[in-house]
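Understanding the architecture of this molecule
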Amino acid sequence: FFPGERYPPPRRNVFLMLFNCAQDRAVEVLLNNLDQVGNWGDILQMVVLELVRKVCRTSPEQKGKYMKIILQLLQTNNTAVVYECAGALVSLSSAPTAIRAASNCYCQLLQSQSDNNVKLIVLDRLLELKTNHREVMQDMVMDVVRALASPNMDIRRKTLDIALDLITPRNIDEVVLTLKKEVVKTQNKELEKNGEYRQMLVQAIHTCAVKFPDVAGSVVHLLMDFLGDSNTASALDVIFFVREIIETNEKLRESILQRLLDCFYQIRSSRVCACALWIIGEYSNDLPTIESSLAVLKASLGSVPFYAVESEDGTHAETAGGEREESRTNSKRPAILSDGTYATQVSVVENSLPGGNGVPNLRAVLLTGDFFLGSVVATTLTKLALRMCDVATSSPARLNAVHGEVMLYIVSMLRLGESPVLAHPIDDDSADRLRLCLNVLLKKDDAQLRKVWLRECRSSYATMIAEKLSREESESKSTSAVTVAQADDLIDFYHLKNRKGMTQLELEDEVATDMKRATGSLTSAADNERKLNRMLQLTGFSDPVYAEAYVTVHQYDIVLDVTVMNRTKDTLQNLCLELATMGDLKLVERPQNYTLSPGETKQIRANIKVSSTETGVIFGNIVYDATGASDRSVVVLNDIHIDIMDYISPASTADVAFRNMWAEFEWENKVAVNTSITDVQAFLDHIVASTNMKCLTPLSALEGDCGFLAANLYAKSVFGEDALVNVSIEKQPVDNKLTGYIRIRSKTQGIALSLGDKITLKQKGRN
């Protein structure tokens, strides 16, 4: 029937029947028609792939012969068949040739498919390949990067995550060149989400420059064009990148600082200005640079005072550097001047909006009442004035003039903060900082003050960067740890193998299998222990039906492999496993009925879909008909609790991103600390281990024994949800007990509540 039939559905049904009922006959049909497999329909080719998978698992020694069939099916035009072929190659072989062929197929699908969901699925497969076959995927990084052409932000984000883990000295130049081209494209204002995409690209380039400092010089000047970006997050990433590069790359300091001074006028964001001012104050070390920096800051601040007193006849009693600007008079109570005339106080540039034409950037921000930035400006001016004394060769009169001018600007900011022209007066912290700057300038010869202001601040930042780099290096080493093998395990040598009648793919596959066996990758004691931990007893030993389940959680799916044993001497008919779920769990299909003879064991599989990160419960019964009984018998099963720890995994994020998410997420669960642990560091380690999260706070910030600890934890779920945790605890001096709170924030309610329940359960002690 099979050779004579030409219509695809009947051929597929016949072959599927042979596959399920007579596998040897199906293999015989396949081997007799090897030259025609490529012309079979896609529905029949799918069944062929299933047959190949099953045969290769049961008879691994025949794997090489069936690999040729998969490679032949890779040449078909049906994308579904090509995708399944790539998955079959990866699951059956670790040979570099097979992995390379599979990754090529995935990259071609990434380019040819227009459906964003398909692209995301393919990127997930590439992510798995990157984890297990990093060396092969490093050669494919440019093919992966081409997916940035998609306008979808999720695809771009996942593409960058994959590419950044695959950069090497061989491909870094090509990757950075592509990223630079993408940054230039974001200048097109017609495209959607340009600011968010530019921020992602800046972070990616930052990562590349940290790993390979030689490429920093080719990108830093291009990125500095975006310091005045209207997207504050993107501009912040740029200035943070500039700050790190100027510290770690001494050769670029002069050119970066000069470029920063040239484009400083474009910066309109207060936070970006503050970071740029810190850079200017710390790295202006020679006299020409100090003078240029002072000139730029004075031009950005404009003339002083920042507000003027206007008399009743319309003339200015005090003018802003001799300039006459129209201003709107406030309805304030008139003041009496020393000559007896009346006057009111008005802002010189009150009519102009911040960032408007003709208003310098620092002046515009100050006139909005941002006195934190004013304190940063004062600190930068003070550092420049102090450093000028160390490098200047000019007369003391010139130095005194500079100090006097700096003090005039600081006093003008104090007067602006105390004047009624602003809606809010200056805050106490900023006022204290401004007065401190004045005192430092008055005591400019104090050696201890000069050491703190001119050296300690930059030294602290250098220490922070060094700790960050060492932490990233240690993490990369831990992820690339090599498995070890037992001393008596067999070792095969590649060059001593018999190559007669073997293709390159068969030879590589055999070597890869032997290598896995030799390094202990095929079996692991940890895997066996994990399997035992997931084995759950569902009934008692005295029940007529004994049942136990092995729970497998794989992202969106939960698979229950239930072993059922008839412990009676009677035949149990219509035995059915009835399951029900609570939470965001859904039973896919109801298991069928079985008949169990006395002492017989049966394996029953149930599939459950998961839709969110939330603790769920699976409960149910085993129902059967016993011989001679009129009613159906019921055995109640123990509940199966699905742990939230199966869904979340430790992840990293920048401090800025963590703070932004903390402010954005609306669901918060506040858990009071109630534990028998008396050491703050031990309690933090216990919470990190119990919640499967990563501590973002560096170890250097947690050192010491002050009895107080605050740390941030972060994790990500398989559904892309973020879990944020802040631990704030204090050790009481009287009874040595720990008090405080653990605050959990997330975008959805389920993960916040489930994680809170987990912490409440686990925080009591170490067990």
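The structure reproduced in this document is the subject of the present report.

Reading guide: rules and limits
Residues numbered from 1 in each chain as written. Predicted model: local features only at pLDDT ≥ 70, side-chain atom pairs only at ≥ 80, totals over all residues. Heavy atoms only, no water. Helix = DSSP H or I, 4+ residues; strand = E, 2+ residues; numbered from the N terminus. Contact = heavy atoms within 4.5 Å. Areas by Shrake-Rupley, 256 points an atom, 1.4 Å probe, with all protein chains shown as cover. Expected span 1.5 Å × (residues − 1). Buried < 20%, exposed > 50% of the residue type's maximum accessible area, 1.4 Å probe, protein only. Pairing = 2+ DSSP bridges. Axes fitted to C-alpha atoms, helices over the stretch in contact; angles between N-to-C directions. Parallel < 35°, antiparallel > 145°, perpendicular 65-115°, else oblique. Nonpolar A, V, L, I, M, F, W, Y, C, P; charged D, E, K, R; others polar. Phe/Tyr/Trp six-rings, centres within 6.5 Å; stacked < 30°, edge-to-face > 60°. Salt bridge = Lys/Arg side-chain N within 4 Å of Asp/Glu carboxyl O. Core = buried A, V, L, I, M, F, W, Y, C linked by side-chain atoms within 4.5 Å. Disulfide = S-S within 2.5 Å. Polar contact = N/O pair within 3.5 Å; in protein donor to acceptor, adjacent residues only side chain to side chain.

The subject of this paragraph is the overall build of the protein. Secondary structure summary: the protein contains 28 helices and 19 strands in total. Within the protein, contacts between residues at least 6 apart in sequence are counted, and of these 65% link residues at least 24 apart. Summed over all atoms, the accessible surface of the protein reaches about 39600 Å², with 50% contributed by carbon and sulfur.

The next point concerns helix α6 (residues 96-112). Its 17 residues place the ends of α6 24 Å apart at the C-alpha level, agreeing with the 24 Å of an ideal helix rising 1.5 Å per residue. Residues of α6 that are buried include every one of A98, I99, A101, A102, S103, C105, Y106, C107, L109 and L110, and no others.

This paragraph deals with the pairing of strand β7 (residues 572-582). Note: β7 against strand β9 (residues 594-596), 2 bridges, orientation antiparallel. Paired with L575 across the bridge in β9 is Y594. For β7 and strand β11 (residues 616-626), the ladder comprises 9 bridges, and the chain directions are antiparallel. When the bridges of β11 are listed, L577 appears paired with I622.

This part takes up the packing of helix α3 (residues 42-58) against helix α5 (residues 79-92). At a minimum axis distance of 10 Å, the contact between α3 and α5 shows a crossing angle of 5 degrees. Judged on the interaxial angle alone, α5 and α3 are roughly parallel. Contact residues: α3 offers D42, Q45, M46, L49, V52, R53 and C56, while α5 offers A80, V81, E84, C85, G87, A88, S91 and L92. The class makeup of the residues in the contact of α3 with α5 is 9 nonpolar, 3 polar and 3 charged.

If you walk through the whole model with that rule in mind, you get 5 aromatic pairs. With a centroid separation of 5.2 Å and 65 degrees between ring planes, the pair formed by W278 and Y461 is classed as edge-to-face. Highlighted residues: W278 in helix α16 (residues 270-283) and Y461 in helix α22 (residues 447-479), separated in sequence by 183 residues. In this structure, W278 and Y461 share a single accessibility class: buried. Here the aromatic rings of F658 and W662 are separated by 6.1 Å at their centres, their planes lie at 20 degrees, and the arrangement is stacked. Remark: W662 and F658 occur in helix α25 (residues 655-664); sequence separation between them is 4 residues, near one turn of the helix. Neither F658 nor W662 differs from the other in exposure class; each is buried.

If you trace the backbone, A216 turns up in helix α13 (residues 216-223). Between the C-alpha atoms of A216 and F241, which are 25 residues apart in sequence, the distance is 9.6 Å.

What follows covers unusual backbone geometry. Omega for the peptide link from V304 to P305 comes to 0 degrees, which places this bond in the cis form. Residue placement: P305 occurs in the loop between α17 (287-301) and β1 (307-311). One non-glycine residue, N692, adopts positive backbone phi at about 60 degrees. The partly exposed category is assigned to N692, whose relative accessible area is 28%.

Quick look at the pattern of salt bridges now. One pass over the structure, following the stated rule, counts 21 salt bridges. The partner of R170 in a salt bridge is D139, and the shortest N-O contact between them spans 3.6 Å. With R170 in the loop between α10 (153-164) and α11 (172-185) and D139 in the loop between α8 (134-138) and α9 (141-145), the pair connects residues that are 31 residues apart, well separated along the chain. One salt bridge connects E405 with K298, and the closest N-O pair in it is separated by 3.2 Å. With a gap of 107 residues between them, E405 in helix α20 (residues 396-418) and K298 in helix α17 connect regions that are remote in the sequence. Within this structure, D154, R157 and E196 form a network of salt bridges that share partners.

Where a protein is soluble and globular, its nonpolar side chains tend to be buried together. Of all hydrophobic cores here, the largest spans 151 residues; its most connected members are L30 and L126. Counting 29 residues, the second largest nonpolar core, distinct from the first, contains L572, L585, V635 and I642.

A few words now on the state of the cysteines. For the structure on display, the rule yields 0 disulfides. No disulfide involves C105; its sulfur sits 7.5 Å from that of C85, the nearest cysteine.

Mapped onto the secondary structure, N692 falls in the loop between α26 (680-691) and β16 (694-695). Taking C-alpha positions, N692 is 10.0 Å from K716, a pair spaced 24 residues apart along the chain. Beyond its immediate stretch of four places on either side in the chain, N692 contacts M645, I648, S649, P650 and A715. At 2.8 Å, the side chain of N692 and the backbone oxygen of I648 are in polar contact.

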